[in-house]
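If you want the building blocks of each chain, they are given just below.
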Amino acid sequence: MRLIDTKIDYNSIMKFTNDDAKRLEEIIKARRDVRGNRFIQTPIEEEKLTQILEAGVYAPSVGYSQPWKFVVIEDQKIKDDLFENFTQENEKAKKIFQERALYDSLKLEGIKEAPLNIAVLYEPSDDEVLGMTTMKKMGEYSVVCAVQNMWLMARSLNIGIGWVSILDEQKVLTTLKQKESMKLVAYLCVGYVDKFYAQSELKTLGWEREKTLQEVVERIG
């Protein structure tokens, strides 16, 4: 698996054009959280899977710690076990949102439908990490940056990703035979889709109102 493509002169591409910036903006705005009712069974080419994973490892990390691990899951039995994990946890969530009828109609995962699942894990260091002596969560935040990189690269390749968070973390780690010290940051369902929605599905369904830029930006000074 390559990390640096020796055929590319990286020094020559350090400056980007306005067209490059516009294309990146389009990719960011076109990213969607994909659910199981959209995945199709077209296999993901190994080269494109490598591009997605490589995008993850190029994410920024606190103290250059690179605290991530990516577990690629194709085994149907493991998917079945993880789907059962989701089902149990979702029953609890249904009780929490019982006054919102829309919840029961939402498709909130694609564990069995997606050709690939990827568990993105945080692996704590046994040593002190530069930048984490005060803010202890920075390692996990670094892994989140890796997830975003993967998501955007996948979208640029017309591959969908859905992030499943309604899972019992410790049961996932046990199913995947990972060390107890590991932390599950993201469970991703990955595959080609029949279509990408024009806008967020939850926005379209009215689950939440979209905030404006003015609402979330505060300027001081």
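Above this text is the structure in question.
Residues numbered from 1 in each chain as written. Predicted model: local features only at pLDDT ≥ 70, side-chain atom pairs only at ≥ 80, totals over all residues. Heavy atoms only, no water.

**Re the overall build of the chain**
Just so we agree on the cut-off: Secondary structure elements are defined from DSSP: runs of H or I of at least 4 residues count as helices, runs of E of at least 2 residues count as strands, and each element is numbered from the N terminus. With C-alpha atoms as the basis for the radius of gyration, the globule rule is written as 2.2 Å multiplied by the number of residues raised to the power 0.38. Accessible area is worked out with a 1.4 Å probe on protein chains only. A residue is then buried under 20% of its type maximum, exposed over 50%, and partly exposed in between. Residue contacts are counted whenever heavy atoms from the two residues lie within 4.5 Å of one another. Calculation of accessible area relied on Shrake-Rupley with a 1.4 Å probe; when residues are assessed, cover is drawn exclusively from the protein chains displayed.
Counting secondary structure elements, the chain contains 7 helices and 4 strands. If you list the helices and strands of the chain from N to C, you get α-α-β-α-β-α-β-α-β-α-α. Taken against the 2.2 N^0.38 rule, which gives 17 Å for 221 residues, the C-alpha radius of gyration of the chain at 19 Å falls within 12% of a compact globule. Over its C-alpha atoms, taken along the principal directions, the chain stretches across nearly 55 × 50 × 40 Å. Classification of the 221 residues of the chain by burial places 37% in the buried group. At a minimum sequence separation of 6, the contacts of the chain that also span at least 24 residues come to 83%. When the accessible surface of the chain is summed, it comes to about 14300 Å², and 52% of that surface belongs to carbon and sulfur atoms.

**As for unusual backbone geometry**
A positive phi angle, close to 50°, is found at Y64, a residue other than glycine. Structurally, Y64 is set in the loop between α2 (46-57) and β1 (68-73). Judged by relative accessible area, Y64 falls into the exposed class, the value being 64%.

**Brief notes about the environment of K92**
Of note, K92 is situated in helix α3 (residues 76-96). In this structure, the C-alpha to C-alpha distance between K92 and I166, residues 74 residues apart in sequence, is 9.5 Å.

**Overview of helix α4 (residues 138-156)**
Keep this limit in mind: By this rule the span expected of a helix is its residue count minus one, scaled by 1.5 Å.
Its 19 residues place the ends of α4 27 Å apart at the C-alpha level, agreeing with the 27 Å of an ideal helix rising 1.5 Å per residue. Turning to α4, its buried residues number three or more, namely G139, E140, S142, V143, A146, V147, M150, W151, L152, A154 and R155. Check the buried side of α4 and you find it contacts α1 (18-30), α2, β1, β2 (116-122), β3 (160-164) and β4 (183-191). Just downstream of α4, N158 is the residue with a positive phi angle, here 60°.

**Topic: the packing of aromatic side chains**
Definition in use: Here a pair means two rings of Phe, Tyr or Trp (six-membered ring of Trp) with centres within 6.5 Å. Their orientation is stacked below 30 degrees between planes, edge-to-face above 60, and tilted elsewhere. Consider the ring centre and the ring normal. A charge sits over the ring if Lys NZ or Arg CZ is within 6 Å of that centre and within 35 degrees of that normal.
Per the counting criterion, the structure on display carries 5 aromatic pairs. Between W151 and W163, the aromatic rings sit 6.0 Å apart at their centres with planes inclined by 50°, giving tilted as the arrangement. Within this pair, whereas W151 is found in helix α4, its partner W163 is found in strand β3, the two being separated by 12 residues in sequence. Among the aromatic side chains, those forming a connected cluster through ring pairs are F97, Y103 and W207. Against the face of F83 rests K112, its NZ or CZ located 4.5 Å from the ring centre. Geometry around F196 places R155 over its ring, the cationic atom sitting 3.7 Å from the centre.

**Focus on the pattern of salt bridges**
Note the cut-off: When a carboxyl oxygen of Asp or Glu lies within 4 Å of a side-chain nitrogen of Lys or Arg, that pair is called a salt bridge.
Enumeration over the complete set of coordinates arrives at 15 salt bridges. With a closest N to O distance of 2.8 Å, E109 and K107 form a salt bridge. Taking the relative accessible area as the measure of exposure, K107 reaches 26% and is therefore partly exposed. Notably, a salt bridge pairs K107 with E113, separated by 2.9 Å at the nearest N-O pair. Salt bridges sharing common partners tie together K22, E25 and K29.

**Section: the sheet that holds β4**
Applicable threshold: When DSSP finds two or more bridges between a pair of strands, those strands are recorded as paired. An axis is simply a line fitted to the C-alpha atoms; with a helix, the fit covers only the stretch in contact. Between two such axes, the angle follows the N-to-C directions and lies from 0 to 180 degrees.
One open sheet holds the 4 strands; their spatial order is β1-β2-β4-β3, and the pairing between them is antiparallel. Edge positions in the sheet fall to β1 and β3, since each has one partner strand and no second. Geometrically, the sheet is characterised by an average inter-axis angle of 25° between neighbouring strands, direction not taken into account. Sheet topology places β3 next to β4; 5 bridges connect them, and they run antiparallel. Looking at the pairing, W163 lines up with L188 of β4. Lying over the sheet, α3 contacts β1, β2, β3 and β4, oriented at roughly 110° with respect to β1. Relative to the sheet, α4 contacts β1, β2, β3 and β4, its axis offset from that of β2 by approximately 155°.

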